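Residues per chain are reported as follows:
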Amino acid sequence: MTDAPDGTGRSQVPGPAAGDEGAVARQAPLPEGLPPDANRRLAELEDRPGHKGMFTSDLSVNEFLLIKEVGFHPLGFVMGSSIYHLGIQTRRWSQSQELTKLTGAMYEARQLAMDRMDAEATELGADGVVGVRLDVNYYEWGSDTAEFIAVGTAVKSEDGRSYRNRQGKPFTSDLSGQDFWVLMQTGHVPLGLVMGTCVYHIAHRGVGQTLRNAGRNVELPNFTQALYEARELAMTRMQDEANELDASGIVGVRLEEKTHMWGDHTIEFLSLGTAVADAATAGHTIPQPQTIISLDG
Amino acid sequence: MTPTAGAEAELPEEGIPEAATRRLTSGAWTSGLSVTDFASCLDMGMQPLGYVQGYAVMQWSWFMATGGMGGFGLGGTWNAPTRHGQYVEQWRCPHGFVSAEHRMYGMNYELTWLEQSWATGWGLAMQRMIDEASELEATGVIGIIDEMRPLAGGGTVEFRASGTAVRVADAPRPQPPFTTYLSGQRLAKLFEAGFAPVSVAATMASVRMLGYCITHYQLAGAAGGSWYGASAGGASGVGPVDQVNRAEAAARRLARERIRTQLGADVLHGATLEQFHREIGEGDLSIQCTLKGSRVRQFKAFDPLPEPRPVVRLSDPVGGIAP
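Every value quoted in this text rests on a predicted model; they were computed, and no experiment measured them.

Quick look at the overall build of chain A
- Helix and strand counts for chain A stand at six helices and nine strands.
- Here chain A, with 297 residues, has 46% of them falling under the buried criterion.
- When contacts within chain A are restricted to residue pairs at least 6 apart in sequence, those whose partners lie at least 24 apart make up 75%.

Structure follows, in structure tokens:
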């Protein structure tokens, strides 16, 4: 990812810099296609002569009901994973700055997991993936190593209409079954789970600054400015992804902050949301909610 | 804007940071609303324009360097804090022993510098968020979330405010845009009830409680030696338990009084009152009381709601269809 957030999208995120000390490096490239175990698992889900398929999903019964009601059918639980070694990057004690190598690493690792989940969904012929969850796990056996996981339920439209996005990929979304149903009622369709990240080092205060402000409650403009910049970078990158999908908007934006294993002054700002497009036909109306009173105790 | 620690005050005096301008001029709108709140927003004729935010990092000290806390003078006399605000209360030591070493008082007083810092930090964050909404030519900001969190380095806190800027087609655009903590159906019901949001209102009141007496503490060794244990012995007419109650009540009263001054003739809707203690030392408490809500104004008479339809939930509400 470049220093300036000038429309950086997924394709512009740099991979590991070869030969760079401390750069993040993917050691053993995975095969182009899906792993054999994934192929076997997915093959069991598909209908074919002599084999009756079935679906798996992590949807609750109610979510399943709503997904069916809105005209989709679950195909299978899909996932993608990437175990990534996060390199080191020197940072100046007294300077607030983006740590671009770590930003690139956190972004690429999630993207690899998402791409592999997408590949599983494509293998099933899905139109989209709902209920996507992105997690990061750390293990004792790997210092500076993290596993990035993306899981969700692949779904397909029952009326034969394609809901794939302009990149020809199944849409992804972190919406629950209930939210998916509501979104479709508004005349919008999901296009993809979009994200932007920024790993930022917040400068330490110098002795002079600390002494000048001793005993005073005042704004610390340098801190404010640094955190502002970091969040804006993450959100701008998320919006750039949405623009690439030709989205009309992003719903459910979340701004998460984690220090991971880097200490208090280095923070990852992760912005996530579901890009949507307005697909309502003329005269589309949103159903009026009804007032109810629960008779449950 | 290139952030460095060495430079001072690089935030713009007015308007929004350059980084925010870059984001807000991007194409797609963003929204921090959930899908259900987004649907309600469209249903009310509101078009989301963008996720707007404001931040302020403040140095946060419980002690003032310039005589704010007061201190003990000759003969054990207490010099009251110079900025104790509207509330000061003192108790005399029941043992009648007075010396420079003997802290003969129990004392509660208002921490005005902490209140002013809170108001400054909260106000800056909120104003920056509103500036972003104005940049988008928004009618209002809904679903506001504000919080105050400690930041790296200790002694610093960050005030955060975020929400979704919306525009109401064909409606006059108030200046500044209206703000509210409400969104979705709660906001829709507010309109149905004949009220419109004006702004968020919030205040914080803080009271410091110095509740120890050394003679009392030493005499109550058999009661466990702790200041709370000592107070439970009841050797003193006015012990810390009563003092804490009075300090809490004072903080709540101050918060209520101040928020009334922000309301004018309007109403505070969905008020939340949070109170927490920080034990600075033995018998030394700081109490913070935060009161916030949405300031709303009646614009029409109340229309009765449609008669609700009785429902019985057949499943666990968690993840279920029924609300």
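Some words on the overall build of chain B
- Tallying secondary structure elements over chain B gives seven helices and 13 strands in all.
- Sorting the 323 residues of chain B into buried and exposed places 41% on the buried side.
- Residue pairs at least 24 apart in sequence account for 71% of intrachain contacts in chain B once pairs closer than 6 positions are excluded.

Some points on the environment of B:Arg160
Residues and elements named next belong to chain B.
- As for its position among the elements, arginine 160 is in strand S8 (residues 156–168).
- Residue classification places arginine 160 among the buried residues on the basis of 22 C-beta atoms within 10 Å.
- For the pair arginine 160 and valine 57, spaced 103 residues apart in sequence, the C-alpha separation works out to 8.8 Å.
- Among all residues touching arginine 160, those that are not within four sequence positions of it are Tyr55, Ala125, Asp146 and Glu147.

Points about the pairing of strand S11 (residues 267–281) of chain B
Residue and element names in this part refer to chain B.
- Strand direction decides the pairing type here: S11 and strand S12 (residues 284–298), joined by twelve bridges, are antiparallel. For glycine 281, the partnering residue across the bridge sits in S12 and is aspartate 284.
- Connecting the antiparallel pair S11 and S12 is a turn made up of two residues, with glycine 283 showing a positive phi of about 70°.

What about the confidence of the model for chain A?
All names here are of chain A.
- In this model, chain A carries a mean pLDDT of 81, and residues with pLDDT of at least 70 account for 88%.
- Per-residue pLDDT, averaged within each element of chain A, yields its smallest value for helix H1 (residues 36–45) (76) and its largest for strand S5 (residues 171–172) (94).
- Note that residues 1–29 has pLDDT below 50 and, in this model, 48 contacts with residues that lie over four places away or in other chains.

Section: the nonpolar core
- The biggest cluster of nonpolar side chains holds 128 residues, and the ones touching the most others in it are A:Tyr200, B:Ala125, B:Val141 and B:Ala251.
- Leaving out residues up to four positions away in the same chain, B:Ala251 has contacts with B:Ala205, B:Ser206, B:Val207, B:Gln275, B:Ile287 and B:Cys289.

A word on helix H3 (residues 100–123) of chain A
Residues and elements named next belong to chain A.
- Compared with an ideal rise of 1.5 Å per residue, which puts 24 residues at 34 Å, H3 spans 34 Å between its outermost C-alpha atoms and is within 8% of the ideal.
- Counting buried positions along H3 gives 18 out of 24 residues, so the element sits mostly inside the fold.
- Once H3 finishes, glycine 125 follows within two positions and takes phi at roughly 75°, a positive value.

Focus: the packing of helix H4 (residues 177–185) of chain A against helix H2 (residues 35–43) of chain B
- Contact geometry for H4(A) and H2(B): axes closest at 9 Å, N-to-C directions at 20°. The angle between the axes of H4(A) and H2(B) places the two elements in the roughly parallel class. You can see that H4(A) and H2(B) cross each other, and the crossing is left-handed. Residue-level contacts link A:Asp179, A:Val182, A:Leu183 and A:Gln185 of H4(A) to B:Val35, B:Thr36 and B:Ala39 of H2(B).
- Its residues placed into classes, the contact of H4(A) with H2(B) shows four nonpolar, two polar and one charged.

Description of the confidence of the model for chain B
All names here are of chain B.
- Put simply, chain B has an average pLDDT of 77, and 67% of its residues get 70 or more.
- Ranking the elements of chain B by mean pLDDT puts helix H6 (residues 227–232) last, at 42, and strand S9 (residues 178–179) first, at 96.
- Low confidence marks residues 222–238, where pLDDT is under 50. Its contacts with residues over four positions away, or in another chain, come to 31 contacts.

As for the environment of A:Glu46
- With respect to the secondary-structure elements, A:Glu46 resides in the loop between H1 and helix H2 (61–69).
- Sequence-wise, A:Glu46 and A:Ala203 are 157 residues apart; in three dimensions their C-alpha atoms are separated by 54 Å.

Looking at unusual backbone geometry
Residue and element names in this part refer to chain B.
- Cis rather than trans, the peptide bond between glutamine 175 and proline 176 has omega equal to 5°.
- As for its position among the elements, proline 176 is in the loop between S8 and S9.
- Its identity as a non-glycine residue notwithstanding, glutamate 137 has a phi of 55°, on the positive side.
- Examined against the element boundaries, glutamate 137 turns out to sit in the loop between helix H3 (112–135) and strand S7 (140–150).
- Positive phi outside glycine occurs at aspartate 170, with the angle close to 65°.
- Of note, aspartate 170 is situated in the loop between S8 and S9.

The rules we used
- Residues numbered from 1 in each chain as written.
- Chains lettered and ligands numbered in written order.
- Predicted model: local features only at pLDDT ≥ 70, side-chain atom pairs only at ≥ 80, totals over all residues.
- Helix = DSSP H or I, 4+ residues; strand = E, 2+ residues; numbered from the N terminus.
- Buried ≥ 20, exposed ≤ 12 C-beta atoms within 10 Å, placed from the backbone.
- Contact = placed C-beta atoms within 7 Å.
- Pairing = 2+ DSSP bridges.
- pLDDT = per-residue confidence, 0-100.
- Core = buried A, V, L, I, M, F, W, Y, C linked by C-beta atoms within 7 Å.
- Expected span 1.5 Å × (residues − 1).
- Axes fitted to C-alpha atoms, helices over the stretch in contact; angles between N-to-C directions.
- Parallel < 35°, antiparallel > 145°, perpendicular 65-115°, else oblique.
- Left-handed = near helix turned anticlockwise from the far one by under 90°.
- Nonpolar A, V, L, I, M, F, W, Y, C, P; charged D, E, K, R; others polar.

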